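Residue-level structure breakdown
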Amino acid sequence: MIDFAARRWAYMERIGDGVAILPAAPTFIKTADQEHQYRPDSDLYYLTGFAEPEAVAVLAPHHPDHKFILFVRPRDKTMETWNGRRAGLEGARQRYGADAAYPIDQLDAVLPQYLEGVSAVHYHFGHDKVFNDRVHGWLAAMQRKVRNGITAPHIMVDTQVILHEMRLRKSPDEVALMRRAAEIAAAGHRKAMSTTEPGQREYEVQAELEYVMRKGGAMGPSYGSIVGGGFNATILHYHENSDILNDGDLLLIDAGAEVEYYASDITRTFPVSGTFTAAQREVYEVVLWAQEAALGQCQPGKRFCDVHGAAVRTIVEGLVHLGVLKGHVDDLIAQEAYKPYYMHKTSHWLGMDVHDVGVYKVGGEWRELEPGMVLTVEPGLYFGEDTDSAAARYRGIGIRIEDDVLITHDGYDVLTKDVPKAIDEIEGLMRKRSAAAAMP
Ligand code: GLY
Ligand code: MN
Ligand code: MN
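To keep things clear, this report deals only with the structure shown in the data block. Computed from a prediction, not measured in an experiment: that's the story for all the values here.

This brings us to the coordination of the manganese ion (ligand 2). Listed as protein donors to the manganese ion (ligand 2) are Asp265 (OD), His348 (NE2), Glu378 (OE) and Glu402 (OE); their distances from the metal cover 2.0 to 2.2 Å. One can describe the donor arrangement at the manganese ion (ligand 2) as irregular, given that its 6 donor atoms subtend angles of 51 to 155 degrees at the metal. Mapping the donors of the manganese ion (ligand 2) onto the primary sequence gives the spacing D-x82-H-x29-E-x23-E. Separation of the manganese ion (ligand 2) from the manganese ion (ligand 3) amounts to 3.3 Å, with Asp265 serving as a shared donor to the pair. Here Glu378, found in the loop between strand E17 (374-377) and strand E18 (380-382), pairs with Glu402, found in the loop between strand E19 (398-400) and strand E20 (403-408); they are 24 residues apart in sequence, far enough to count as distant. Just as Glu378 is buried, Glu402 falls in that class too.

Moving on to the pairing of strand E4 (residues 56-59). Burial along E4 is two-sided: Val56 and Val58 and Ala57 and Leu59, pointing in opposite directions, are all buried. Direction of pairing for strand E1 (residues 19-23) relative to E4: antiparallel, over a ladder of 4 bridges. Pairing of Ala20 across the sheet is with Leu59, part of E4. As paired strands, E4 and strand E5 (residues 68-72) are joined by 4 bridges and run antiparallel to one another. Pairing of Val56 across the sheet is with Phe71, part of E5.

Taken together, Asp254 (OD), Asp254 (OD), Asp265 (OD) and Glu402 (OE) make up the full set of protein donors to the manganese ion (ligand 3), lying 2.0 to 2.5 Å away. In this structure, the manganese ion (ligand 3) is surrounded by 6 donor atoms whose angles at the metal cover 56 to 170 degrees, and the resulting shape is irregular. Taken in sequence order, the residues that donate to the manganese ion (ligand 3) follow the motif D-x10-D-x136-E. The buried category is assigned to Asp254, whose relative accessible area is 6%. The class for Asp265 is buried, based on a relative accessible area of 3%.

Here the focus is the nonpolar core. Ranked by size, the top nonpolar core spans 94 residues in total, and within it Tyr11, Leu70, Ile253, Leu319, Leu381 and Phe383 carry the most contacts. Ranked by the residues each element gives to this core, the list is headed by helix H8 (residues 172-193), at 10 residues. The residues touching Leu319, leaving out its near neighbours within four places in the chain, are Val324, Leu325, Tyr338, Tyr341, Leu381 and Phe383. In terms of nonpolar packing, the next biggest core, distinct from the first, is built from 25 residues, Ile69, Ile104, Tyr123 and Met142 among them.

A separate point is the sheet that holds strand E14 (residues 266-271). With antiparallel pairing, 3 strands are arranged side by side in an open sheet as E10-E11-E14. Both outer strands of the open sheet, strand E10 (226-229) and E14, are each paired with one neighbouring strand and no more. Averaged over all pairs of adjacent strands, the angle between strand axes in this sheet comes to 10 degrees, irrespective of strand direction. Where E10 meets strand E11 (residues 250-255), 4 bridges bridge the pair, whose relative direction is antiparallel. Along E11, the bridge assignment pairs Gly229 with Leu251. The sheet strands contacting helix H9 (residues 202-215) are E10 and E11, and the helix crosses E10 at an angle near 145 degrees.

To continue, consider the site of ligand 1. Every residue close to ligand 1 is listed here: Tyr223, Asp254, Asp265, His348, His355, Glu378 and Glu402. With respect to ligand 1, the side chain of His348 contributes an N or O atom lying 3.0 Å from an oxygen atom. Within the contact set of ligand 1, an oxygen atom lies 2.7 Å away from a side-chain nitrogen or oxygen of His355. A total of 190 Å² of accessible area belongs to ligand 1 in isolation, and the protein chains cover 88% of it.

Moving on, we get to the state of the cysteines. With the rule as written, the count across this model stands at 0 disulfides. Of all cysteine sulfurs in the structure, the one in Cys305 sits closest to Cys298, which takes part in no disulfide; the separation is 12 Å. Overall, Cys305 belongs to the partly exposed group, its relative accessible area being 27%.

What follows deals with the packing of helix H10 (residues 278-295) against helix H11 (residues 304-321). Remark: H10 packs on H11, axes separated minimally by 8 Å, with the N-to-C direction vectors making an angle of 150 degrees. Here H10 is positioned roughly antiparallel relative to H11, judged by the angle of their axes. Pair H10 / H11 crosses with right-handed handedness. In contact with Val286, Trp289, Ala290, Ala293 and Ala294 of H10, H11 contributes Val307, Ala310, Ala311, Thr314, Ile315 and Gly318.

A word on unusual backbone geometry. In terms of backbone geometry, most residues other than glycine have negative phi values and most peptide bonds are trans. Of note, the phi angle at Glu54 is positive, near 55 degrees, even though the residue is not glycine. Even without being glycine, Tyr261 reaches a positive phi, approximately 70 degrees. By the secondary structure assignment, Tyr261 is in the loop between strand E12 (257-259) and strand E13 (262-263).

On to the sheet that holds E1. Sheet architecture is open: 6 strands sit in the order E6-E5-E4-E1-E7-E8, paired in mixed fashion. The two strands at the open ends of the sheet, each matched to only one other strand, are strand E6 (100-103) and strand E8 (155-157). Here the average twist between neighbouring strands, direction ignored, is 20 degrees.

A few words now on H11. Here H11 contains 18 residues, and its C-alpha end-to-end distance of 27 Å stays within 8% of the 26 Å for a straight helix at 1.5 Å per residue. For H11, the full list of buried residues reads Phe304, Val307, His308, Ala310, Ala311, Val312, Thr314, Ile315, Val316, Gly318 and Leu319. Check the buried side of H11 and you find it contacts H10, helix H12 (329-334), strand E16 (365-366), E17 and E18. In the segment just after H11, Gly323 is the residue with positive phi, at about 80 degrees.

Before going further, it helps to spend a moment on the pattern of salt bridges. One pass over the full model with this rule turns up 25 salt bridges. One continuous salt-bridge network, built from bridges that share partners, spans Asp43, Arg167, Lys170, Asp353 and Asp356.

Cut-offs and rules
Residues numbered from 1 in each chain as written. Chains lettered and ligands numbered in written order. Predicted model: local features only at pLDDT ≥ 70, side-chain atom pairs only at ≥ 80, totals over all residues. Heavy atoms only, no water. Donors = N, O, S within 2.8 Å, 3.2 Å for Na, K, Ca; no water. Tetrahedral: all angles 85-135°; square planar, octahedral: opposite > 155°, others 65-115°. Helix = DSSP H or I, 4+ residues; strand = E, 2+ residues; numbered from the N terminus. Buried < 20%, exposed > 50% of the residue type's maximum accessible area, 1.4 Å probe, protein only. Pairing = 2+ DSSP bridges. Core = buried A, V, L, I, M, F, W, Y, C linked by side-chain atoms within 4.5 Å. Contact = heavy atoms within 4.5 Å. Axes fitted to C-alpha atoms, helices over the stretch in contact; angles between N-to-C directions. Near = heavy atom within 4 Å. Polar contact = N/O pair within 3.5 Å; in protein donor to acceptor, adjacent residues only side chain to side chain. Areas by Shrake-Rupley, 256 points an atom, 1.4 Å probe, with all protein chains shown as cover. Disulfide = S-S within 2.5 Å. Parallel < 35°, antiparallel > 145°, perpendicular 65-115°, else oblique. Left-handed = near helix turned anticlockwise from the far one by under 90°. Expected span 1.5 Å × (residues − 1). Salt bridge = Lys/Arg side-chain N within 4 Å of Asp/Glu carboxyl O.

Dropping the structure here:
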């Protein structure tokens, strides 16, 4: 159970006499009057547990009585009959612990009162341009009234500075949720691996995987599942998931689960037939070695860039070994000669957001890894349709191996270890599939 009140107190202690403004994520129309499934803003949810749209939380530690204020949609019998339950003002106070609650349509009239006499406003200038403009509007209006004795805030602090640093270090409760998200997604990947057959469509595999995740209690996928066979595996953000899976091709699946708004993010690549070809095996082994080398850097005190550096070095050594690159490894790394085949970074933070918050550099230096941080380790190699620089036997091979890694006091813990990634383990799991199919 996440203790949202404890988080708020910890955050308020750090913002001192500042005020934080945390708006709900906007809703998005899908077609006509139908909305995309709503996903609350991670900052707002992290500090309140409040998941409804059209809400704003204000944290005002300097205020004698109202330290936590929620602006929400009021109760409305008709709207709730059509669109679902609302906490309303009473629920905001009783269930979510707000000291004061107002209808959201009073935001412009009421919120600026909480900014009077405050020096700093903590706010994330994100994608919601309309709300950004409202914040500017409140501050500008207050500044116009300074001659009436109003003291307007004069410092804007992005939530990146304090709140995102808190989110970057996961508590044991958060790690437990991330472990669950990882386990559920791992079960989905195992199901995909053990049911894929030549001739299926990519979406059939997607359906198996997402069925297992939802059935296992996930809210759904933590991002659009990527299920790409053959050349589609070489497209990093492939999303159509509609082609036929051919015997002899590889299938790359990049899919994660969301559990209580915490994400997992797993990629596995395996042969549609159940058996790697010689060329696929050669490339796969390089990517697996690169991942092992990168994992070796996942320990407190190592820098974020060390993880990528180890993966890149191994990838380049592998590409030289495969005859794809020629020259000295150090020179090839310096020239970034690997980029046509390995064009993305090895890691990103993982948490409530798949590409989670938290700066990667501190004072101009790549930051040190600390216990409680969670990052992905996801090297890959891609020989796409336009890769005529590599031997023809490698063309159409796209491989990524991605795990979610918790930094611990003495090293790391792979949260997603329940999905096979060694070649013999993958082939072994897929052989059971053939055996099951052959059973009368
Ligand atoms: N699935 C998104 C990523 O791997 O970064
Ligand atoms: Mn990732
Ligand atoms: Mn991924």
